Amino acid sequence: MTAKPQAPAKKARSTAAPRGGWQDRLSNAALSTAIALLRLLPVRSRLALTSWLVRRLLAPALGYHARVEANLDHVWPGTPPARKTAIAEAAIDNLARALVENYDPAEMLKRGAAYPVTGPGLAPFEAARAEGRPVILLTGHYGSPICARSALVARGHRVAGLLRPMANPYANARYIQNYRDVCEPVFEQGPAGLKALLKHVRGGGILAMAFDVFESAGPPLDFLGQPAPTSLAPAEIAVKTGALLLPYFGIRRADRYGFDTVIEEPIPHGDPRGMMQEATRRLEARIEADPGQWLWTHRRWKPRRQEKRRRKAEAQARR
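Residues numbered from 1 in each chain as written. Predicted model: local features only at pLDDT ≥ 70, side-chain atom pairs only at ≥ 80, totals over all residues. Heavy atoms only, no water.

How would you explain helix α10 (residues 233-241) if you had to name every residue and give the values?
Burial in α10 covers these residues: Pro234, Ala235, Ile237, Ala238 and Thr241. On an axial view of α10, the arc spanned by its buried residues comes to 165°, and they lie on one face. Looking at the buried residues of α10, the elements they touch are β2 (135-139), α9 (191-202), β5 (206-210), β8 (244-252) and α11 (272-289). One or two steps after α10, the chain reaches glycine 242, where phi turns positive at roughly 80°. (Buried < 20%, exposed > 50% of the residue type's maximum accessible area, 1.4 Å probe, protein only. Helix = DSSP H or I, 4+ residues; strand = E, 2+ residues; numbered from the N terminus. Arc of directions from axis to C-beta. Contact = heavy atoms within 4.5 Å.)

Can you explain a positive patch on the surface? Please cite residues and give values.
A contiguous patch of positive charge on the surface is contributed by Arg305, Lys308, Arg309, Lys312 and Arg319. For lysine 312, the position within the fold is in helix α12 (residues 303-318). The exposed category is assigned to lysine 312, whose relative accessible area is 55%. (Patch = residues over 30% accessible without salt bridge, like charges linked within 9 Å, V, L, I, M, F, W, Y side chains within 5 Å. Areas by Shrake-Rupley, 256 points an atom, 1.4 Å probe, with all protein chains shown as cover. Salt bridge = Lys/Arg side-chain N within 4 Å of Asp/Glu carboxyl O. Lys, Arg positive; Asp, Glu negative; His and termini not counted. Charge placed at Lys NZ, Arg CZ, Asp CG, Glu CD.)

How would you explain unusual backbone geometry if you had to name every residue and give the values?
Following glutamate 184, the chain continues into proline 185 via a peptide bond in cis, with omega recorded as -5°. At arginine 256, a position not held by glycine, the phi torsion is positive, near 65°. The buried category is assigned to arginine 256, whose relative accessible area is 18%. Look at lysine 302: it is not a glycine, yet its phi comes out positive at around 45°. Note that lysine 302 resides in the loop between α11 and α12. On the accessibility criterion, lysine 302 (27% relative accessible area) is partly exposed.

Talk me through a nonpolar patch on the surface; I want residue IDs and the actual numbers.
A cluster of nonpolar side chains, Leu41, Leu49, Trp52, Leu53 and Leu57, forms an exposed patch at the surface whose accessible area comes to about 420 Å². Relative to the elements of secondary structure, leucine 57 occurs in helix α2 (residues 43-62).

So what's going on with helix α5 (residues 105-114)? Which residues, and what values?
Listed in full, the buried residues belonging to α5 are Pro105, Glu107, Met108, Arg111 and Gly112. Along the axis of α5, the buried residues cluster in a sector spanning 155°; they form a single face. Exposed residues pointing more than 90 degrees away from the buried face of α5 are listed as Ala106, Lys110 and Ala114.

So, in structure tokens, the structure goes:
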């Protein structure tokens, strides 16, 4: 007896809201309204109020403090509770200020011109620009990267940016435009963005990018004592194009308004993995010096996902 063919299983209906739907429109409208109201205030008052609102209202609702503490327990076990609270407060304050700063490009450029650019990498940077050599400025989510980029743009340097698109297309459009208002060009991650980025760098341009995000396809590099999957793309692009690879940071001052742009010594070309491990080591040194300036709310390590992948790889190897 021949069995009847089974009907194809119905695809499960997604419960996720489609991108660009009314939820995204509403969310973007709320954010835009809040930003517009905040921008009515003088800049220092605006930054202080945004910090208070995020730390006292938004962060508890989103579980930011718990996420910071989980990250600290992962890399610095035994950190006293009071110390974890202090780091969380400082990190969330920094996140809030960076968020609202992004929405006032003109003020960022004005502030960038008012504060210094220093560091042992400044002379190599200027020499590379004089000879037309491309430069990749590599940073982390530490202090304010947009402040550092603005400081260089204010001094006449055309510093391109690379951004990971936001999930909300309406908020993303404004987010990208803000970076373009500081300086063109700005590239979005993806095949088209990578192609344009390579053309810009090969042509002797400057590119600023952050590297301290979880990259599922990247090798696990040691970061604060724990493996963190990291993209090798910045080093690979530098080697491929001959670009000078320079770690740089926008470091907030104690008043949480002023900042110092510090360009560190170049990372020599070599094995891309070793180059990115050195970039990670530079970021580690900054975090250890002032941990409250790093984005501890970010899921940088994702240990459960890493463990799941490790087990999957081991199972496949045994087949």
